[in-house]
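Given next are the chains, with one letter for each unit.
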Amino acid sequence: MNRRQFSRALVAGASAAALPWRFASGQSGLRVDGAVIQEHLAALAEFGKNPEGGVSRVAYGEADRRAREVALGWMREAKLETAIDAAGNLVGRRAGRDPSLKPLVLGSHIDSVPEGGNFDGDVGSMSAIEVSRTLDRAATTLRHPLEVLIFQNEEGGTIGSHALAAGLTPADLDRVAQSGKTIRDGIRFLGGDPDRLDTVQRHRGDIAAYLELHIEQGGILDQRRIPIGVVLGIVGIRHWDVTITGFANHAGTTPMAGRKDALLVAARCIEAVNRIVRGIPGRQVGTVGRIQVEPGAYNVIPGRVTFGLELRDLDDAKVKSLHERIMVECRRLARAGGTTLSERESLAITPALTDPAIRGVISAAARALGLATLALPSGAGHDAQEMARLGPVGMIFVPSVGGISHSPREFTRPLDIENGANVLLHSLLALDAA
Ligand SMILES: [Zn+2]
């Protein structure tokens, strides 16, 4: 038996067990067609294809626009009523039995980073379309209206979903995206209208729930051979620019004793960041990923260094307390090295937690399909963090082989994608019935 037949036998066996929730008759046997998702992923991989085997399909580029046109066609084939909203997002709607209910929303993105892969965003987008096609094939109408959203420019800072959930400012619209176009011009290029963004903005309570399937982009599920990740939330991210000021002087004539070497102090601070972040239990991460040395010459003792500190965790209070401890230690190191320290916070994104009840629904759906789950945070940003402003959200992760992402070597196995899409489908059915 081939892999697909094998997977069918596997899920058929699992669903023979008693199901933990009430399905309308016949729904428990519904399955997506994994082959259709694979066909669409393969077709999508042609847009912006690069020699390394991945794609460079940055938002508002020609490849992005053409891929979105094709995706819109697949949404139509799935019998979704389609539109491009004023923010340039693709919108597909399927009416529910009770028009008074708010929509259940599935979504993700299909833009990529430069030299990206074929799975980040694509898996969730193609699966959302296939879930809708599966409902249509089975002539199943949900109680709630269903919406499939393919957001624009996720990789440039969740721009399309931010337009929906929070609104874009004139300064946001003036920002130059990776393609070289401003966001304002990019929205026009994709068929939106930046002068009518008020028509897309939604408010808290406007959605019944939002679900997103995505590749993990980390290696935990793959290492532990667990097919389904139940995402606890999307971590908050804070950045600080830390400046150490010493005294630039001749590197040949100034004795080693008594130097005020800003880079030497910065090096000790960077080591302290790693030590302090690792010193407590948990999944918090801390990184110094950029550094600027002045004047930056072989023969001059560094007088001024600015380094960028990043901290991420699901708990904002923990991030703040770690930052506090790091700064106490760095100030001590700065004093001991005869230098001074100043800092400036340059980014603050608060964590977005997923809804505990939806996590339960996803876990139960996976269990009914015979799939093991693991609860884990998302260390990367996603459109779901924007949608969490509007209502309860849930996220399903599938394994990334080797934990590789934002790379042409990004890969998720077809069976894992099919399993993830079936969990998406059954989570949707359970939320609809609840
Ligand atoms: Zn993504």
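1. Observations concerning the pairing of strand 7 (residues 236-245)
Two faces belong to every sheet, and in a regular strand the side chains alternate between them.
Now for step 1: Burial analysis of strand 7 places seven of its 10 residues in the buried class, the great majority of the element.
Now for step 2: Pairing of strand 7 with strand 9 (residues 304-313) involves 10 bridges; the strand directions are antiparallel. When the bridges of strand 9 are listed, T245 appears paired with R304.
Now for step 3: Taken together, the nine bridges between strand 7 and strand 10 (residues 340-349) define a ladder with antiparallel strand orientation. Of the residues in strand 10, the one forming a bridge with T243 is S342.

2. Examining the packing of aromatic side chains
Now for step 1: Tallied over the entire structure, the rule returns two aromatic pairs.
Now for step 2: Summarising the aromatic geometry, the rings of F151 and Y210 are spaced 6.3 Å apart at their centres and angled 50° between planes, so their arrangement reads as tilted. With F151 in strand 4 (residues 146-151) and Y210 in strand 5 (residues 209-215), this residue pair connects regions lying 59 residues apart in the sequence. Considered together, F151 and Y210 belong to a single accessibility category, that of buried residues.
Now for step 3: The residue whose ring lies beneath R65 is F189, and the NZ or CZ to ring-centre distance is 3.9 Å.
Now for step 4: Between K181 and the ring centre of F189, over which it is positioned, the NZ or CZ distance is 4.1 Å.

What counts, and at which threshold
- Residues numbered from 1 in each chain as written.
- Predicted model: local features only at pLDDT ≥ 70, side-chain atom pairs only at ≥ 80, totals over all residues.
- Heavy atoms only, no water.
- Buried < 20%, exposed > 50% of the residue type's maximum accessible area, 1.4 Å probe, protein only.
- Helix = DSSP H or I, 4+ residues; strand = E, 2+ residues; numbered from the N terminus.
- Pairing = 2+ DSSP bridges.
- Phe/Tyr/Trp six-rings, centres within 6.5 Å; stacked < 30°, edge-to-face > 60°.
- Lys NZ or Arg CZ within 6 Å of the ring centre and 35° of its normal.

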